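Understanding the architecture of this molecule
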Amino acid sequence: MPDPRSPAIARALRTLAGLASLAFGGLSQAQAPAAGSPGSIYTCTDASGRRLTSDRFIPECADRLQLELSPGGSVRRRIEPALSPQQQAERDQRRKDEERAEAQRRDERRRDLALVARYPDAAAHDRRRAEALAQAEAEIGAARKRLAELAEARRKLDGELEFYSKDPSQVPAALKARLAENTSAVALQERLLKEQVSERQRIDARFDEERQRLDQLWGVSRPAVPSRVR
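Below is a short write-up of the structure. Computed from a predicted model, the values in this text were never measured in an experiment. (Residues numbered from 1 in each chain as written. Predicted model: local features only at pLDDT ≥ 70, side-chain atom pairs only at ≥ 80, totals over all residues. Heavy atoms only, no water.)

So, about the nonpolar core. Residues Leu115, Tyr119, Ala124, Ala132, Leu133, Ala136, Ile203, Phe207, Leu214 and Trp218 constitute the largest nonpolar core, which totals 10 residues. For this core, the secondary-structure elements that each account for two or more residues are helix H3 (122-162) and helix H4 (173-221). Beyond its immediate chain neighbours, meaning those up to four positions away, Ile203 contacts Ala132, Leu133 and Ala136. Within the second largest apolar cluster, 7 residues are counted, among which are Cys44, Leu52, Ile58 and Ile79. (Core = buried A, V, L, I, M, F, W, Y, C linked by side-chain atoms within 4.5 Å. Buried < 20%, exposed > 50% of the residue type's maximum accessible area, 1.4 Å probe, protein only. Helix = DSSP H or I, 4+ residues; strand = E, 2+ residues; numbered from the N terminus. Contact = heavy atoms within 4.5 Å.)

On to the pattern of salt bridges. Overall, the coordinates contain 24 salt bridges when judged by the stated rule. Notably, a salt bridge pairs Asp63 with Arg64, separated by 3.2 Å at the nearest N-O pair. Given the relative accessible area of 24%, Arg64 is considered partly exposed. Overlapping salt bridges bring together Glu102, Arg105 and Arg106 as one network. (Salt bridge = Lys/Arg side-chain N within 4 Å of Asp/Glu carboxyl O.)

In this section: H3. Between its first and last C-alpha, H3 extends 59 Å over 41 residues, near the 60 Å set by a 1.5 Å rise per residue. Every buried residue belonging to H3 is among Ala124, His125, Arg129, Ala132, Leu133, Ala136, Ile140, Ala143, Leu147, Leu150 and Leu157, and all of these are buried. With a side-chain oxygen positioned 3.3 Å from the backbone nitrogen of Ala123, the residue opening H3 is Asp121. (Expected span 1.5 Å × (residues − 1). Polar contact = N/O pair within 3.5 Å; in protein donor to acceptor, adjacent residues only side chain to side chain.)

Quick look at the pairing of strand S4 (residues 75-79) now. Walk down a regular strand and you will see the side chains alternate between the two sheet faces. Pairing between strand S3 (residues 66-69) and S4: 4 bridges, direction antiparallel. Its bridge partner lying in S4, Leu69 is registered against Val75. Hairpin connection between S3 and S4: a loop of 5 residues separates the two successive antiparallel strands, and Gly73 in this loop has a positive phi of roughly 100°. (Pairing = 2+ DSSP bridges.)

Looking at where Leu147 falls in the secondary structure, it is placed in helix H3. Sequence separation between Leu147 and Ala187 is 40 residues, and the spatial gap between their C-alpha atoms is 9.3 Å. Setting aside anything within four residues of it in sequence, one finds Leu147 in contact with Val186, Gln189, Glu190 and Leu193.

On to the packing of aromatic side chains. The geometry of two aromatic rings is summed up by the distance between their centres and the angle between their planes. Throughout the structure, instances matching the rule amount to 1 aromatic pair. Between Phe163 and Tyr164, the aromatic rings sit 5.1 Å apart at their centres with planes inclined by 85°, giving edge-to-face as the arrangement. (Phe/Tyr/Trp six-rings, centres within 6.5 Å; stacked < 30°, edge-to-face > 60°.)

What follows deals with the pairing of strand S2 (residues 51-54). Here strand S1 (residues 41-45) runs beside S2; their pairing, made up of 4 bridges, is antiparallel. Directly across from Cys44, in S2, lies its bridge partner Leu52. Taking the residues between adjacent antiparallel strands as the criterion, S1 and S2 are bridged by 5 residues, where Gly49 takes a positive phi near 90°.

With that settled, the discussion passes to the state of the cysteines. With the rule as written, the count across this model stands at 1 disulfide. Cys44 shares a disulfide with Cys61; S-S distance 1.8 Å. Measuring the twist about the S-S bond at about 75°, one finds the Cys44-Cys61 disulfide to be right-handed. Of this pair, Cys44 sits in strand S1 while Cys61 sits in the loop between S2 and S3; the two residues are 17 residues apart in sequence, bridging distant segments of the chain. For Cys44, a relative accessible area of 2% gives the class buried. For Cys61, a relative accessible area of 1% puts it in the buried group. (Disulfide = S-S within 2.5 Å.)

Shown next as structure tokens:
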């Protein structure tokens, strides 16, 4: 068996070690971004604030933004730093938040355009408010009228009921049914009246809110006409 301490064996071992080192270095370089275009210039600012420039990817800036430039100085590629899972999740969340905010701005813009198209001026908005309030007032008036009718009907029923005041057990079933129906109808109309009064308040509040926004939109979309010079 050859003696491992012989010069030939030692030289062979050194050669193998060198080859292994080259192979390991090749693996390390494989982790870097793909090679850029011919003539590219890489530039970045390292952790100590130094501006670095090279004709290949700069390992010292693997954790920060690096630019690949053309020979003329224009940006060919932005090489983003490698992110940890937490940093990646935070960046994804920021992107989602920005997209959500942008979608909200687009929705608001569409609503503004639709609002101005529906109400091109104050007169149109005032007219629509009056129509909506008139409809609510009509419903309120109808509920109050019905309550008055039910109150009159109840007075008549109470008059019939008075006949049996000495012996309530003799009250006819039909009269009891009409009294119950009257009570239920009154409760229903009172609920409807309360809802319509609330609806009238909601209409006023909605048109007030629209008017505030429209005043801003009209001011933007309808610049003041300069007065004539006298």
